[in-house]
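One-letter residues, chain by chain:
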Amino acid sequence: MAYNNSSPQKILIVGGGTAGWMAANLLATKWQTTEICLVESKEIGIIGVGEGSTPHLKLFFDAINVTDSQWMPRCNATYKNGITFDKWSTIPGFESYFHPFAAQTDDVFTVPLFFKNIQARMQGYNVSAHPDKYFLETYLSRNNLGPLPAESFPFGVAYGYHFDSALLGQFLAEHAQSLGVSRIYGTVADVSINNDGKLSAVKLSDGTLLEADFFIDCTGFNSLLMQKTLKVGYQSFKDNLFNNAAVVMPSDISQKLPVETKSTALSNGWAWQIPLRNRFGNGYVYSSDYINLDQAETELRQHLGLLDCDVEARHLKMKVGRVEKHWYKNCLAVGLSQGFIEPLEATAIALSFNTIAQFIQYFQQGKGSNEFEDAFNQDINARFDGIRDYVVCHYKANQRTDSKYWLDNAANNNISDTLSKILYLWKNSQNFAADMHKHKLMGSYQPKSWACLFAGYGVFPPTNREPSIDYSMHQHEIDALSDFIRRCGLNFKNHNKLLANQA
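About the criteria used
- Residues numbered from 1 in each chain as written.
- Predicted model: local features only at pLDDT ≥ 70, side-chain atom pairs only at ≥ 80, totals over all residues.
- Heavy atoms only, no water.
- Helix = DSSP H or I, 4+ residues; strand = E, 2+ residues; numbered from the N terminus.
- Rg over C-alpha atoms; globule rule 2.2 N^0.38 Å.
- Buried < 20%, exposed > 50% of the residue type's maximum accessible area, 1.4 Å probe, protein only.
- Contact = heavy atoms within 4.5 Å.
- Areas by Shrake-Rupley, 256 points an atom, 1.4 Å probe, with all protein chains shown as cover.
- Lys, Arg positive; Asp, Glu negative; His and termini not counted.
- Charge placed at Lys NZ, Arg CZ, Asp CG, Glu CD.
- Salt bridge = Lys/Arg side-chain N within 4 Å of Asp/Glu carboxyl O.
- Expected span 1.5 Å × (residues − 1).
- Pairing = 2+ DSSP bridges.
- Axes fitted to C-alpha atoms, helices over the stretch in contact; angles between N-to-C directions.
- Core = buried A, V, L, I, M, F, W, Y, C linked by side-chain atoms within 4.5 Å.

Colleague: Looking at this structure, how should I read the overall build of the protein?
Modeller: The number of helices and strands found in the protein is 16 helices and 25 strands. Radius of gyration (C-alpha) of the protein: 23 Å, near the 23 Å computed for a compact globule of 503 residues. In terms of overall dimensions, the protein has C-alpha extents of about 75 × 50 × 50 Å along its principal axes. For the protein, buried positions account for 57% of its 503 residues. The contacts in the protein between residues at least 6 apart in sequence include a share of 75% that link residues at least 24 apart. Carbon and sulfur atoms provide 48% of the accessible area of the protein, an area that totals close to 21,000 Å². Taking the average location of the 44 positive side-chain charges in the protein and that of its 49 negative ones, the two points are 2 Å from each other.

Structure (structure tokens):
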């Protein structure tokens, strides 16, 4: 295998879509002397429904030197301050909550009071511990304000996006080609392996042989290189996460463009609503063990008020889990080929970005060798497992009792030791955040996010005590915090106007 300055001389990316073209752009930006080629088939479509992101997509575009105004109008993209979870709990006052992305105002001004009142509520005091009162980006979303503050605002605000995944793939393909990435259309018919077990070439159906030093597997759930050819093992998450299917369809966009994804619990799963500039993207993620395909489509149409509409629905199957090794020999799996966690927290792009970025770092650190392959795999596996635990916790903590699906999820004890410890700490710790740090449970999500989930669903003991003298200033503190957040909000613009200024 030939390398130049700790990078391969030639990389072949097999498969396009968002994952493939993200890999092409990052690799071409970081390794400018490497020859990079991407081969994709016109006969194989993309899943095309992952239309929301975390702030990692902003990090990706920053890394390849692309601004919001360059790509967002092209992809009908909107901003995202976080996710609303609606009807996951039936406890009065906790039927809905918003999970915001991070703002620098949180840790300094709002999180301490949030945790203080959580602890009081856990002790039975009748104080307000619902997360919606405590965070700047919750206020922004409720008032339809975008996440870009005035230049004079001294605090950073993280944000994600909603986008048309097909258009994003097209934009990334064009940008990668402008960086020198070669694009070939063809269907892989065979994969060649050397005597040492490493990949050497792929053969297309027209007989073309594509050789490379290193290969990126972006072949989706098929995982042609990593699983089928190199026989890397796969760990299923089906015992942790019941959902294995989705039905998706668009609907008309509202005049006011929301700045959030909405997740609404239905009878046997949940429905997403993602606002783009030209439409809402909608989908129902469910378990076929509890509801069939036709029932799921009917329920989604009822939810959207489109029962008698002729808008076509698409049905998708999901394979939930991850490979045991994401980097093996001279191959890296990215995107669905490496694994998938249902889209509840919109983490697919974050996992792809982290996989590519950390691979570049570890590969260079090892001077082009596989010295850090094991460390890399442990790191990426921990990211997958940490996100899985957080998503599982949504189901474990749900407060619905109207169907067997929700009761079975709440009773599911096929959870990790890490999640078991976090559940124990929530119910028993005198300082949840500090104990999360103490027991090294800081993974893919910070204590604030875990607290938002539990508190948002109303996972508290009954309130049977009025605030003591220690909490006599409770309402004053809440009022002062609300005023502070409102004044911060004056530094932000209407979401629709922000997008209009990009055109």
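Read on for the rest.
Colleague: Is there a simple way to explain the side chain of His 495 in this structure?
Modeller: As for its placement among the helices and strands, His 495 is situated in helix H16 (residues 495-500). Once residues within four sequence positions are removed from consideration, His 495 is found in contact with Thr 78, Tyr 79, Asn 144, Leu 145, Gly 146, Leu 257, Pro 258 and Val 259.

Colleague: What is the right way to look at the pattern of salt bridges in this model?
Modeller: Two side chains bearing opposite charge may form a pair once their charged atoms approach each other closely. Taken as a whole and judged by the stated rule, the model has 19 salt bridges. Its salt-bridge partner being Asp 132, residue Arg 142 comes within 3.5 Å of it at the nearest N-O pair. Of this pair, Arg 142 sits in helix H5 (residues 136-142) while Asp 132 sits in the loop between helix H4 (104-122) and H5; the two residues are 10 residues apart in sequence, bridging distant segments of the chain. Owing to a relative accessible area of 42%, Arg 142 belongs among the partly exposed residues under this scheme. Across the salt bridge formed by Arg 142 and Glu 260, the nearest N and O atoms sit 3.1 Å from each other.

Colleague: I'm lost on helix H9 (residues 348-365) in this one. Help?
Modeller: Taking 1.5 Å as the rise per residue, H9 with 18 residues should run 26 Å; its terminal C-alpha atoms sit 26 Å apart, in good agreement. Most of H9 is tucked away, with 13 of its 18 residues classed as buried. Where H9 ends, the next residue or the one after it, Lys 367, has phi of about 55°, a positive value.

Colleague: Looking at this structure, I do not really get the sheet that holds strand S13 (residues 209-211). What am I missing?
Modeller: Strand pairing in a sheet takes place through backbone hydrogen bonds and is either antiparallel or parallel in direction. Strand order across the open sheet formed by 3 strands is S11-S12-S13, with antiparallel pairing between neighbours. Edge strands, defined here as strands with exactly one partner in the open sheet, are strand S11 (188-193) and S13. Taken over all neighbouring pairs, the strand axes of this sheet differ in orientation by 20° on average, direction set aside. Of the pairings in the sheet, the one linking strand S12 (residues 199-204) to S13 comprises 3 bridges and is antiparallel in character. Following the sheet pairing, Lys 203 is matched in S13 by Leu 209.

Colleague: Is there a simple way to explain the sheet that holds strand S6 (residues 82-86) in this structure?
Modeller: Within the open sheet, the 7 strands sit side by side as S7-S6-S17-S18-S19-S16-S20. Their pairing is mixed. Bordering the open sheet on either side are strand S7 (96-100) and strand S20 (314-317), each of which pairs with just one other strand. Pairwise comparison of adjacent strand axes, ignoring direction, gives a mean angle of 20° for this sheet. Direction of pairing for S6 relative to strand S17 (residues 261-266): parallel, over a ladder of 4 bridges. Opposite Phe 85, over in S17, you have Ser 263 as the bridge partner. Sitting on the sheet, helix H8 (residues 293-304) touches strand S16 (245-251), S17, strand S18 (269-275), strand S19 (280-286) and S20, and the angle it makes with S19 is about 140°.

Colleague: Is there a simple way to explain the nonpolar core in this structure?
Modeller: Nonpolar side chains tend to gather and get buried jointly when the protein is soluble and globular. In this structure, Trp 71 and Phe 454 are the most contacted members of the largest nonpolar core, which totals 125 residues. Examining the composition of this core, we find that 9 residues originate from one element, helix H10 (residues 373-396), more than from any other. Contact partners of Trp 71, with chain neighbours within four places excluded, come to Leu 57, Phe 61, Val 66, Ala 77, Tyr 161, Phe 163, Leu 168 and Phe 171. Counting 19 residues, the second-largest nonpolar core is a separate cluster that includes Val 202, Met 226, Val 323 and Cys 331.

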